[in-house]
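# Topology and contacts: notes
Letter by letter, the chains look like this.
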Amino acid sequence: MIFFTSCPPVCLTTTNEVLPAYHQIKLQKDECKIEKGKYAIYYDLSDGMKFAYQDNTLKDYLSDITNRINGSWNVYGLVTGQVEPISERGSELYAKVNREPYTDIKAPIEESMKDVIRKRMPSLIVSDLEEYQTINGKTEIQHRSAYAKNYFSQWLKMGGQIYFFVMDYKEPVNQKSKTSAMKDKHLFFVAFDNAEGEVRKFVEKAIEIRPKSYRTFNLSNKTYSLSTSYANATQGGNYHDSNGMDIISAVNEKIGEKDYFINDFENNWEFYPCFVSWNDMLKYAKDMQNPEVPKTDQYEHFLSKLFITFEDEDAFKIDNLDITVTNIQEDFEKYKNYATAMKCLDEKDENGSVSPEYKSVQGTKVLDMFKVSMNETKEKGKYEICVDFSDNFNGQNAKVNEGDMLKLDITIGNVQKGNIQNMENNFVWNDVDDKNEAIFQSVLNTLDDTNISPKGKLVYTYYVRAY
């Protein structure tokens, strides 16, 4: 049992003190299980790889990367049915990888991916990604089996990304014949990477002095960045006239005893305490849209100047954003009381320990109050995120009282797969009597995984309160 007593003023908790912690416990953040500070590289040592590793262009890439491998990297070789540790480093490692011949070796590509998932280390797999399967005593290449799908999905669910460097080379149809016809193949440097892209950057840095003779593909469900163009650290994306004043929502932008604006861009959220009613706010907004108002003072959006830039759309193309508005007043007050008890409760239970509790209360969904849009800018791939009053909002909402804390979650809306033709160009190649589509199908199946799709993923949160 908790015995509440009146707290001295110094113990009282303010909204600004409590909100950062409240946001963190509510944040549906993917737990990144990827190891930090350790890396792994897996070399395909099958017999056909000598043609890739000795290609005039690819051998330079291989040498540049291999010679940069240091003590923070675990090194493995892929030989028949096994993933074997390699102790050599530097020029000795390159010599080992590039020696010939590796006779009748079929590298266990799937086993290497299992090892990556098991160790959870950012890793680089160097291979043609041809996986063999033995059925009824006959060993054949898997041309259509999406053998890599589960490993791709698992890595993305850990919070990582998978970056492909794709390079072309030629291999004899009959490797034992010196007069054999040649067939087109791909060599892949596959970076099972962390969110920071350390392995990708490692490869790019290693080969930056070489001509770019490769293509790339980013298998990721978060390929965007956020930025703002706020006037300064104490102002946000709310309305400001030409004098820097907010005469629409009267957001308090001065640090003090009252609630004031918070910009926690690092954790993708902000707090806007508006010292004017919703009804008056809507009226002032309409007044400032009058054509007679100077253009520099005209009202355009309730919240704006937050930008989303799509760095690539290899895997997914995002069509739009959604907004979910929730009245969290009851839940937030419960948490605030809990935080106050934790901070200044001086009464103890019979066991001599303080035991405040916080039990979350589900918020109330609020409809027809706000809408969100994604507006093009002059920069390719960069859009401004704008929050406006809904066309159906008349200044009042039955589920919102003055002073209630509202949570506005901006989420990913509709998404589509990226350019399928681009995927085919990177992940399909002709074999002797068939097309090899195993990696192509693995990528497609990963994109079809509803747990991987970015649809519904949280982008940014605004907390708004009108007094």
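Note that the structure is predicted; figures quoted are calculated from it, not measured.

## Here we look at the pattern of salt bridges
If you walk through the whole model with that rule in mind, you get 26 salt bridges. Linking D449 and K157 is a salt bridge whose minimum nitrogen-to-oxygen distance equals 3.8 Å. In this pair, D449 sits in the loop between α11 (438-447) and β23 (458-466) while K157 sits in helix α6 (residues 149-157), placing the two residues 292 residues apart along the sequence. In this structure D449 comes out as buried when scored by relative accessible area, which is 10%. Between K185 and E171 there is a salt bridge; the shortest N-O distance is 3.0 Å. Here the residue K185 occupies a position in strand β8 (residues 182-193), and E171 occupies one in strand β7 (residues 161-172), the gap between them amounting to 14 residues. Judged by relative accessible area, which is 1%, K185 ranks as buried. Under the relative-accessibility criterion, E171 is labelled buried at 4%.

## A word on the pairing of β7
On a regular strand, one side chain projects to one face of the sheet and the next to the other, so that they alternate. Most of β7 is tucked away, with ten of its twelve residues classed as buried. Inspection of the sheet shows β7 paired to β8 by twelve bridges, in the antiparallel sense. Bridge pairing in β8 places Q161 opposite D193. Pairing between β7 and strand β9 (residues 215-219): five bridges, direction antiparallel. Residue F164 lies in a different strand from β9, and its bridge partner there is F217.

## Regarding the side chain of Q235
By secondary structure assignment, the location of Q235 is in the loop between β10 (224-228) and β11 (262-264). At 3.4 Å, the side chain of Q235 and the backbone oxygen of G244 are in polar contact. Excluding anything up to four places from it in sequence, Q235 contacts Y230, H240, G244, E253 and F261.

## Looking at the sheet that holds β10
The sheet built from four strands is open, its strands ordered β10-β13-β18-β17 with antiparallel pairing. With partners counted over all chains shown, the strands left at the sheet margins are β10 and β17 (370-376), one partner each. Put simply, the sheet's adjacent strands are angled 30° from each other on average, direction ignored.

## Brief notes about the nonpolar core
Counting 44 residues, the largest nonpolar core has W278, F302, F370 and Y462 as its most contacted members. Of the residues forming this core, the biggest block, five residues, is contributed by β23. Those residues within four positions of Y462 in sequence are excluded, and the remaining contacts are E270, Y272, L303, L306, V387, L406, K407, L408 and I410.

## Some thoughts on the packing of aromatic side chains
Applying the stated criterion across every chain yields a total of 35 aromatic pairs. Considering the side-chain rings of W155 and F192, the 5.8 Å spacing of their centres and the 85° angle between planes classify their relative orientation as edge-to-face. Taken together, the positions of W155 in helix α6 and F192 in strand β8 put the pair 37 residues apart, joining distant regions of the chain. Of the two residues examined, W155 and F192, each falls in the buried class. Judged by centre distance (6.1 Å) and plane angle (20°), the ring pair of F188 and F427 falls under stacked. Within this pair, whereas F188 is found in strand β8, its partner F427 is found in helix α10 (residues 420-427), the two being separated by 239 residues in sequence. Residue class for F188 comes out buried when judged on its relative accessible area of 0%. Cluster of aromatic residues (ring-pair linked, three or more members): F152, W155, F164, F188, F192, F217, F427 and W429.

Rules of the game
- Residues numbered from 1 in each chain as written.
- Predicted model: local features only at pLDDT ≥ 70, side-chain atom pairs only at ≥ 80, totals over all residues.
- Heavy atoms only, no water.
- Salt bridge = Lys/Arg side-chain N within 4 Å of Asp/Glu carboxyl O.
- Helix = DSSP H or I, 4+ residues; strand = E, 2+ residues; numbered from the N terminus.
- Buried < 20%, exposed > 50% of the residue type's maximum accessible area, 1.4 Å probe, protein only.
- Pairing = 2+ DSSP bridges.
- Polar contact = N/O pair within 3.5 Å; in protein donor to acceptor, adjacent residues only side chain to side chain.
- Contact = heavy atoms within 4.5 Å.
- Axes fitted to C-alpha atoms, helices over the stretch in contact; angles between N-to-C directions.
- Core = buried A, V, L, I, M, F, W, Y, C linked by side-chain atoms within 4.5 Å.
- Phe/Tyr/Trp six-rings, centres within 6.5 Å; stacked < 30°, edge-to-face > 60°.

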